[in-house]
Amino acid sequence: MLNIVLFGPPGAGKGTQSEKMIEKYSLIHLSTGDIFRKNIKEESELGKLAKSYIDKGQLVPDEVTINMLKQEVNNHSNAKGFIFDGFPRTNKQAEALDTLLKELNTEVTLMVSLEVEENELKQRLIKRAELSGRSDDADPKIIQNRIVVYQKETAPVKEYYHNQGKLKSVDGIGSIDDISSNIFKSIDNFL
Ligand code: AMP
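Residues numbered from 1 in each chain as written. Predicted model: local features only at pLDDT ≥ 70, side-chain atom pairs only at ≥ 80, totals over all residues. Heavy atoms only, no water.

**Q** Can you help me understand the packing of helix 1 (residues 14-25) against helix 10 (residues 176-190) in this one?
**A** In a packed pair of helices, the relevant descriptors are the angle between the two axes and the axis-to-axis distance. Between helix 1 and helix 10, whose axes approach to 10 Å, the crossing angle comes to 50°. The angle between helix 1 and helix 10 falls in the class oblique. At the point where helix 1 passes helix 10, the crossing takes the right-handed sense. Counting all contacts with helix 1, which are made through Thr16, Gln17, Lys20, Met21, Lys24 and Tyr25, the residues of helix 10 involved are Ile176, Asp177, Ile179, Ser180, Ile183, Phe184, Ile187 and Asp188. Here the residues of the contact of helix 1 with helix 10 sort into seven nonpolar, three polar and four charged. (Axes fitted to C-alpha atoms, helices over the stretch in contact; angles between N-to-C directions. Helix = DSSP H or I, 4+ residues; strand = E, 2+ residues; numbered from the N terminus. Parallel < 35°, antiparallel > 145°, perpendicular 65-115°, else oblique. Left-handed = near helix turned anticlockwise from the far one by under 90°. Contact = heavy atoms within 4.5 Å. Nonpolar A, V, L, I, M, F, W, Y, C, P; charged D, E, K, R; others polar.)

Structure, rendered in structure tokens:
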């Protein structure tokens, strides 16, 4: 199996690049943010819970997120592999993903980390808010909170994969196609 963790701060381009990777590698795309938003739309219990955190720019608790992700992986037992987009966001989630994949006799192949500096991120998120209608993109205070949470809780996850020799950083600034091409090179060189 080919299992890619696509990593980066909010606004780094994970969603956009996931689409390119799905096409090329025929992987199942699991975006925890998308799954939460679907649940919010459906007004499920999980959606109501997730919304109370997402609206503040906070992370949904690990236990809730990990259980949801496990179910999604188990629902795709015939997959050739996965793109994990927006997961793991804490070291605890990274450990849980290792355990889950081990049970399936597989592992994370590579973490691709999209590198974009903070000012560029803020500008992209404000622009995205006009198109996406996402309430957590619309308020600069919430954007700032998401960036702080990223730095404090999520950035250390990079170290986790670096220590396993699985981290590949890619410049996340430039044209969408140039960035995709750099991601593809990183993956293909690693295989
Ligand atoms: P995203 O679409 O990846 O930007 O995620 C939107 C929001 O969903 C985040 O700001 C978090 O509140 C929540 N979320 C998404 N993925 C996770 C995760 N792996 N752990 C905790 N919260 C998450």
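Past the structure itself, the notes keep going.
**Q** Honestly, the site of the ligand in this entry has me stumped. Any pointers?
**A** In the vicinity of the ligand, 16 residues are found, and the nearest of them are Thr32, Arg37, Gln58, Gly86 and Arg89. In this structure, Arg37 approaches the ligand through a side-chain N or O atom, which is 2.9 Å from an oxygen atom. In the environment of the ligand, a nitrogen atom lies 2.9 Å from a nitrogen or oxygen atom belonging to the side chain of Gln93. For the ligand, whose free accessible area comes to 480 Å², the fraction covered by protein is 96%. Among the elements that line the shell around the ligand, the one with the most residues is helix 2 (residues 32-41), at four residues. (Near = heavy atom within 4 Å. Polar contact = N/O pair within 3.5 Å; in protein donor to acceptor, adjacent residues only side chain to side chain. Areas by Shrake-Rupley, 256 points an atom, 1.4 Å probe, with all protein chains shown as cover.)

**Q** What should I look at first to understand the pairing of strand 1 (residues 2-7) in this one?
**A** Regular strands show a simple pattern: their side chains alternate between the two faces of the sheet. Of all six residues making up strand 1, six are buried, and the element is well covered by its neighbours. Of the two faces of strand 1, the one carrying Leu2, Ile4 and Leu6 and the one carrying Asn3, Val5 and Phe7 are both buried. As paired elements, strand 1 and strand 3 (residues 81-85) share five bridges and run parallel to each other. Bridge assignment links Leu6 to a residue of strand 3, and that residue is Asp85. (Buried < 20%, exposed > 50% of the residue type's maximum accessible area, 1.4 Å probe, protein only. Pairing = 2+ DSSP bridges.)

**Q** So what exactly am I meant to see when it comes to the pattern of salt bridges here?
**A** Using the criterion set out here, one finds 15 salt bridges in the structure. Salt bridges sharing partners connect three or more residues here, namely Arg128, Arg134, Asp136, Asp137 and Arg146. (Salt bridge = Lys/Arg side-chain N within 4 Å of Asp/Glu carboxyl O.)

**Q** Just checking my understanding: could you explain unusual backbone geometry for this structure?
**A** Backbone phi values are negative for most residues with the exception of glycine, while trans is the configuration of most peptide bonds. The omega angle of the peptide bond from Phe87 to Pro88 is -5°, so this bond is cis rather than trans. On the secondary structure map, Pro88 appears in the loop between strand 3 and helix 5 (91-103). Even without being a glycine, Glu43 presents a positive backbone phi close to 55°. Within the secondary structure layout, Glu43 lies in the loop between helix 2 and helix 3 (45-54). The residue Asn105 is not glycine, and still its phi comes out positive at about 60°. For Asn105, the location among the structural elements is in the loop between helix 5 and strand 4 (110-115).

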